[in-house]
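Commentary on secondary and tertiary structure
Here is how the chains run, residue by residue.
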Amino acid sequence: MAKLIGSKKVKTAIFISGKGSNLLNLIKSFKSRNSKILIELIISDNLKAEGLKYSKIYEIQKKVFNYKNKKVCEKNILLLLKKKKIKLICLAGFMKILSKNFIRKFDGIILNIHPSLLPNYKGLNTHKRVLNNKEKYSGCTVHFVNSKLDSGKIILKKKVKIFKNDTERKLAKRILIQEHKIYPKAIKKIFY
Ligand code: GRF
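Residues numbered from 1 in each chain as written. Predicted model: local features only at pLDDT ≥ 70, side-chain atom pairs only at ≥ 80, totals over all residues. Heavy atoms only, no water.

Section: the overall build of the chain
Rules: Secondary structure follows DSSP: runs of H or I at least 4 residues long count as helices, runs of E at least 2 residues long count as strands, and numbering of each begins at the N terminus. Both definitions apply: the radius of gyration is a C-alpha atom measure, and the globule rule equals 2.2 Å times residues to the power 0.38. Buried means the residue's accessible area, taken with a 1.4 Å probe over protein chains only, is under 20% of the maximum for its type, while exposed means over 50%, and partly exposed covers the values in between. Pairs of residues are marked as contacts when any of their non-hydrogen atoms sit within 4.5 Å.
Of regular secondary structure, the chain possesses 6 helices and 7 strands. Its C-alpha atoms give the chain a radius of gyration of 16 Å, near enough to 16 Å, the size a compact globule of 192 residues would have. Dimensions of the chain, computed from the C-alpha atoms along their principal axes, are close to 50 × 40 × 35 Å. The buried share among the 192 residues of the chain stands at 47%. A sequence separation of at least 24 residues applies to 65% of the contacts in the chain between residues at least 6 apart.

Below is the structure:
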């Protein structure tokens, strides 16, 4: 794994589609002046993503891309990432799947957080499936992004116990608390 050596900051873009609690958490985790991670850009496919509000609050540039034509859209995202010298992408509730071409062309590392214990329960509706299968544990995973959905090398995982009276909402909430702990930890594991 290519670590970025020296005191140079790692310019980072966070991709979101919704609430952005992981985005907020990463902003807070890396806001200190001597942090090696510099969050420079928030990218979204959704103009109405709640998390876009953090752009103004924390003075981070945001850009919303229209995914109607995915090929054109990804090309434009890549151009912007190159222009801004972004070397790390953190997917944080980003609901579009990056194409193989995008992943190949991006000159840096792409990470994702997924709300299950990968390799189990890849894809959508994880909590629902986990509860239907009466699992004892679920959790969350930070992993590198490769061309197969939720299948890249795992960096960190955290188990969360499932209770008898759990609902999707309750479980999602408890898992999110752990997501906020392991995402910054996983980034530090790579870059620090
Ligand atoms: C998180 O559960 C994340 O694991 C999943 O989408 C959710 C995003 O939440 N990929 P938020 O937008 O960061 O609050």
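As for the sheet that holds strand β6 (residues 137-144)
Cut-off, in case you're wondering: Here the rule is simple: two strands pair whenever DSSP picks up at least two bridges between them. The axes are straight lines fitted to the C-alpha atoms, using for helices just the contacting stretch, and the angles between their N-to-C directions are given from 0 to 180°.
The strand order β3-β2-β1-β4-β5-β6-β7 describes an open sheet built from 7 strands, whose pairing is mixed. Looking at the sheet topology across the chains shown, the edges are occupied by β3 (61-64) and β7 (154-161). Ignoring which end each strand starts from, the neighbouring axes of this sheet average 20° apart. Sheet topology note: the strand β4 (residues 88-91)/strand β5 (residues 109-114) ladder contains 4 bridges and is parallel. Its bridge partner lying in β5, C90 is registered against L111. Here helix α6 (residues 168-191) sits on the sheet in contact with β1 (10-16), β2 (37-44), β4, β5, β6 and β7, set at roughly 155° to β7.

Regarding a positive patch on the surface
Short version of the rule: Within this analysis, patches are made of residues with over 30% relative accessible area and no salt bridge. Like charges are joined at 9 Å or less; nonpolar side chains (Val, Leu, Ile, Met, Phe, Trp, Tyr) at 5 Å or less. For the area figures, the Shrake-Rupley method with a 1.4 Å probe applies, and any residue is considered shielded solely by the protein chains shown. By convention in these notes, a salt bridge is any Lys or Arg side-chain nitrogen within 4 Å of a carboxyl oxygen on Asp or Glu. Under this rule, positive means Lys or Arg and negative means Asp or Glu; His and the chain ends count for nothing. Every charge is mapped to an atom, namely NZ of Lys, CZ of Arg, CG of Asp or CD of Glu.
Together, K71, K75, R104 and K105 make up a region of like positive charge exposed at the surface. Within the residue set of the positive patch, elements represented by two or more residues are α3 (70-83) and α4 (100-105). With respect to the helices, strands and loops of the structure, R104 is situated in helix α4.

Concerning the layout of surface pockets
The cut-off we apply is this: In the cavity and pocket records, a cavity denotes points on a 1 Å grid over the protein atoms alone where a 1.4 Å probe fits but cannot get out, a pocket denotes an open set with protein on both sides within 12 Å along at least 5 of 7 lines, and lining residues are residues with an atom within 4 Å of a point. Grid points are joined across faces, edges and corners, and a volume is the space filled by probe spheres set on the points. Only Asp, Glu, Lys and Arg are considered charged, only Ala, Val, Leu, Ile, Met, Phe, Trp, Tyr, Cys and Pro nonpolar, and every remaining residue, Gly among them, polar.
Counted as a void, the largest pocket has a volume near 1200 Å³. Considering the residues around the largest pocket, the lining is formed by 40 residues, among which G93, F94, M95, I113 and P115 are closest to the centre. Elements supplying a minimum of two residues to the lining of the largest pocket: α1 (21-29), α4, β5, α5 (126-132) and α6. It is α6 that contributes the most residues to the lining of the largest pocket, 7 residues altogether. Here the residues of the lining of the largest pocket sort into 15 nonpolar, 16 polar and 9 charged. The calculated volume of the second largest pocket comes to roughly 240 Å³. Taken together, K75, L78, L79, L81, K82, K85, I86, K87, K105, F106 and D107 make up the full set of residues lining the second largest pocket. Take the lining of the second largest pocket: its biggest share by element is 5 residues, from α3.

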